[in-house]
There are 2 protein chains.
Amino acid sequence: MSRGLLLVVSGPSGAGKGTICRAMLEHRPSIRLSVSATTRKPREGEVEGLSYFFLSEDTFRGMIDRKEFIEWACFCGNYYGTPRATVEEQLAAGHDVILEIDVQGAMQVKSKFPEAVFVFVLPPSYEELEKRIVGRGTESPEVIHERLETAKREYTHIEKYNYILLNDYIDGAVERFSAIIDAEKLRTERNAETIHTILESK
Amino acid sequence: MSRGLLLVVSGPSGAGKGTICRAMLEHRPSIRLSVSATTRKPREGEVEGLSYFFLSEDTFRGMIDRKEFIEWACFCGNYYGTPRATVEEQLAAGHDVILEIDVQGAMQVKSKFPEAVFVFVLPPSYEELEKRIVGRGTESPEVIHERLETAKREYTHIEKYNYILLNDYIDGAVERFSAIIDAEKLRTERNAETIHTILESK
């Protein structure tokens, strides 16, 4: 059983990261989505262990101290983070694990897992992004403005990602993401063992 | 029209490079196979411009002097090389171009086209390789021995290639090669223009 790939997916809110990641679960059943931990209170309909792991601030801080997060951050007074243990277990079991996180989180992952694959999801255009964020109809003008500003800021980190995934239409994006996973598994540096086995067979 | 990918394919004789490359032509019609130039005499059935460009030694040496080869070498008194002009034209026209060349040639290409994609084709095992080379029934024991020795030598350069393509069965190898091409086209460093266009649209 070879170790799974750690796939880090970022991109501006409204680019469609969540939709792509959920579609990948159906497209490649061996994929797992990492579940984040948070100290924020559960919202209506959110399920413990599925939406998030809901933790107390004490528990969360204890985990930070014990370095049990791959990445973590504090937004608006709430902590969010990716617990290392589950991710490690799933990778070891041969599952490819997707972390859907922001650019700052992704850079923390990069320093700890340099072998991870970094994918930046882009909307077809900035206008399209604006349309998608406004179109949700759930956000206030301030939040919309904030999201668009964040998007601009995140774009400046694109070159730290390995791949650009243009979300022009979902099926195409899922196919392309799948090709990225197939190709990454063939990279020479991930196949030392296969090469060794074949060389040993002579 | 975006520039095509330069795909360099190497691997021991008997690994099935040629079969994979020809199958890729049918699988992805935009692919072109590079035709080598040589000073060796045409064999029965070989076609000028399809099998090789058959050149005189004077012509070949003149092209070496004018740096008109991407890579070249001399084997058993005959010159072999990849003319730069055709490859450049096809890449510029958006075709992905496959060069099926040996490790030494590949390293020459790498120094001139660092953006090229390097794929090393492996047989499932060394025994399988031996079986395939012997199985052809066209080679003398000396040639077989020589090929197997060369294979061992070439293996030591595997880590200079980006991808390992295990030729366990042809359809699988072709699918995987195709995923490599799809994924490489999404690499951030190849998409500066797309990113620029999207950033400019804001």
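The structure displayed is predicted, hence computed values, not measured ones. Position labels on residues start from 1 in each chain and follow its written sequence. Note on labels: chains are lettered from A, ligands numbered from 1, in written order. Where local features are concerned, this predicted model is filtered to residues with pLDDT of at least 70; where side-chain atom pairs are given and counted, the filter is 80 or more; whole-chain, interface and lining totals use all residues. Note that the side-chain values use all heavy atoms of the structure and ignore hydrogens as well as water.

Caption draft 1: Structural context of the pattern of salt bridges. Between Lys or Arg on one side and Asp or Glu on the other, a salt bridge is scored when a side-chain nitrogen of the former is within 4 Å of a carboxyl oxygen of the latter. All chains considered together, the criterion is met by 22 salt bridges over all chains. Salt-bridge contacts for A:Glu184 lead to A:Arg190; the nearest nitrogen and oxygen are separated by 2.7 Å. For every residue, the accessible area obtained with a 1.4 Å probe (protein chains only) is divided by the maximum for its type, and the residue is called buried under 20%, exposed over 50%, and partly exposed between those limits. A:Arg190 sits in the partly exposed class, given a relative accessible area of 29%. Residues B:Glu88 and B:Arg3 are paired through a salt bridge, measuring 3.4 Å at the closest nitrogen-oxygen approach. With B:Glu88 in helix H3 (residues 84-92) and B:Arg3 in the segment before strand S1 (6-10), this residue pair connects regions lying 85 residues apart in the sequence. Residue class for B:Glu88 comes out partly exposed when judged on its relative accessible area of 26%. Segments assigned H or I by DSSP are reported as helices when at least four residues long, segments assigned E as strands when at least two residues long, and all are numbered from the N terminus.

Caption draft 2: The sheet that holds strand S3 (residues 37-38) of chain A, seen in detail. All names here are of chain A. We call two strands paired when DSSP finds no fewer than two bridges between them. Taken in spatial order, the four strands make up an open sheet running S4-S3-S6-S5, and their pairing is mixed. Pairing within the sheet leaves two strands with one partner each, and these edge strands are strand S4 (53-54) and strand S5 (69-75). When checking whether two residues touch, look at their non-hydrogen atoms; a contact exists if any pair is within 4.5 Å. Lines fitted to the C-alpha atoms define the axes, with helices restricted to the stretch that makes contact. Angles between their N-to-C directions range from 0 to 180 degrees. Sheet strands in contact with helix H2 (residues 57-65) are S3, S5 and strand S6 (78-83), and its direction is about 50° off that of S6.

Caption draft 3: Up close: the relation of the copies chain A and chain B. Least squares is used to superpose the copies, and the fit set is the C-alpha atoms of residues whose pLDDT is at least 70 in both copies. The transform that puts chain A on chain B rotates by 180° and translates by 0.0 Å along the axis, for an RMSD of 0.0 Å. Both copies of the chain, as the preceding transformation shows, are related through a two-fold rotation axis. Taking the C-alpha atom as reference, chain A places A:Ala179 closest to the rotation axis, 2.3 Å from it. Interface overlap between copies: 100% of the residues of chain A at the interface are likewise at the interface in chain B, consistent with a symmetric, same-surface contact.

Caption draft 4: Fine view of the confidence of the model for chain A. Per-residue pLDDT for chain A has a mean of 91; in total, 99% of the residues score no lower than 70. Interface scoring of the predicted complex returns ipTM 0.88; its pTM is 0.89. One number per residue, pLDDT, summarises how confident the predictor is, and it ranges from 0 to 100.

Caption draft 5: Region of the structure containing the pairing of S1(B). Residues and elements named next belong to chain B. Among the five residues in S1, five count as buried, and that is most of the element. The pairing of S1 with strand S7 (residues 96-100) spans four bridges and is classified as parallel. Along S7, the bridge assignment pairs Val9 with Glu100. Where S1 meets strand S8 (residues 117-122), four bridges bridge the pair, whose relative direction is parallel. Paired with Val8 across the strands is Phe118, a residue of S8.

Caption draft 6: Summary view of the packing of helix H5 (residues 126-135) of chain A against helix H6 (residues 141-155) of chain A. All names here are of chain A. Interhelical geometry of H5 versus H6 gives an angle of 145° and a closest axis separation of 10 Å. In this structure, the crossing between H5 and H6 has a hand that is right-handed. Contacts between H5 and H6 involve Tyr126, Leu129, Glu130, Ile133 and Val134 from the former and Ile144, Arg147, Leu148, Ala151, Lys152 and Tyr155 from the latter. Crossing handedness is read from the near helix: turned anticlockwise from the far helix by less than a right angle, it gives a left-handed crossing, and turned clockwise, a right-handed one.

Caption draft 7: Fine view of the interface of chain A and chain B. At the interface, 31 residues of chain A touch 31 residues of chain B. Accessible area that two parts lose when put together, with a 1.4 Å probe and added across both, is what the buried area reports. Interface area for chain A against chain B, summed over the two sides, is near 2,700 Å², with a carbon-plus-sulfur share of 69%. For the pair chain A and chain B, the number of links is two salt bridges. Across the pair A:Glu184 and B:Arg187 runs a salt bridge whose closest N-O atoms are separated by 3.6 Å. Polar contact criterion, stated in full: a pair of N or O atoms within 3.5 Å, where within protein one must be able to donate a hydrogen and the other to accept it, and residues adjacent in sequence count only if both atoms are side-chain atoms. Linking chain A to chain B there are ten residue pairs in polar contact (both at pLDDT 80 or more). When residues of the side of chain A that touches chain B are traced back to their parent elements, those giving at least two are H5, H6, strand S9 (163-166), helix H7 (170-184) and helix H8 (192-200) of chain A. If you tally residues by element for the side of chain A that touches chain B, the top one is H7(A), at six residues. Under this grouping Gly is polar, as are all residues other than the nonpolar Ala, Val, Leu, Ile, Met, Phe, Trp, Tyr, Cys and Pro and the charged Asp, Glu, Lys and Arg. When grouped by side-chain class, the residues that make up the side of chain A that touches chain B number 17 nonpolar, five polar and nine charged.

Caption draft 8: Structural context of the sheet that holds S9(A). Residue and element names in this part refer to chain A. Here five strands make up an open sheet; going across it, the order is S2-S7-S1-S8-S9 and the pairing parallel. Bordering the open sheet on either side are strand S2 (31-33) and S9, each of which pairs with just one other strand. When strand polarity is set aside, the average angle formed by the axes of neighbouring strands in this sheet is 30°.

Caption draft 9: Just the packing of aromatic side chains, in detail. Residues and elements named next belong to chain A. What counts as a ring pair is set by centres within 6.5 Å for rings of Phe, Tyr and Trp (its six-membered ring), and what kind of pair is set by the plane angle: stacked under 30 degrees, edge-to-face over 60, tilted for all other angles. Counted under the stated rule, the structure contains 18 aromatic pairs over all chains. For the ring pair Phe118 and Tyr161, a centre distance of 6.1 Å and an interplane angle of 80° mean the geometry is edge-to-face. With Phe118 in strand S8 (residues 117-122) and Tyr161 in the loop between H6 and S9, this pair connects stretches of sequence that are 43 residues apart. Classification of Phe118 as buried rests on a relative accessible area of 1%.

Caption draft 10: Highlighting the environment of B:Phe54. Residues and elements named next belong to chain B. Position of Phe54 among the secondary structure elements: in strand S4 (residues 53-54). Residue classification places Phe54 among the buried residues on the basis of a relative accessible area of 17%. Distance in space between the C-alpha atoms of Phe54 and Ala37 is 5.9 Å, their sequence separation being 17 residues. Aside from chain neighbours lying at most four places away, what touches Phe54 is Thr38, Arg40, Lys41, Pro42, Glu46, Val47 and Glu48.

Caption draft 11: Fine view of the nonpolar core. We call a set of buried Ala, Val, Leu, Ile, Met, Phe, Trp, Tyr and Cys residues a nonpolar core when their side-chain atoms join them within 4.5 Å. Grouped together as the largest cluster of nonpolar side chains are 42 residues, with contacts concentrated most on A:Phe177 and B:Phe177. Residues contacting B:Phe177, with those up to four places away along its chain left out, are B:Leu7, B:Val9, B:Ile20, B:Met24, B:Ile98, B:Val119 and B:Leu165.

Caption draft 12: Examining the environment of B:Val134 more closely. Residue and element names in this part refer to chain B. Within the secondary structure, Val134 is located in helix H5 (residues 126-135). The class for Val134 is partly exposed, based on a relative accessible area of 47%. For the pair Val134 and His145, spaced eleven residues apart in sequence, the C-alpha separation works out to 9.7 Å.

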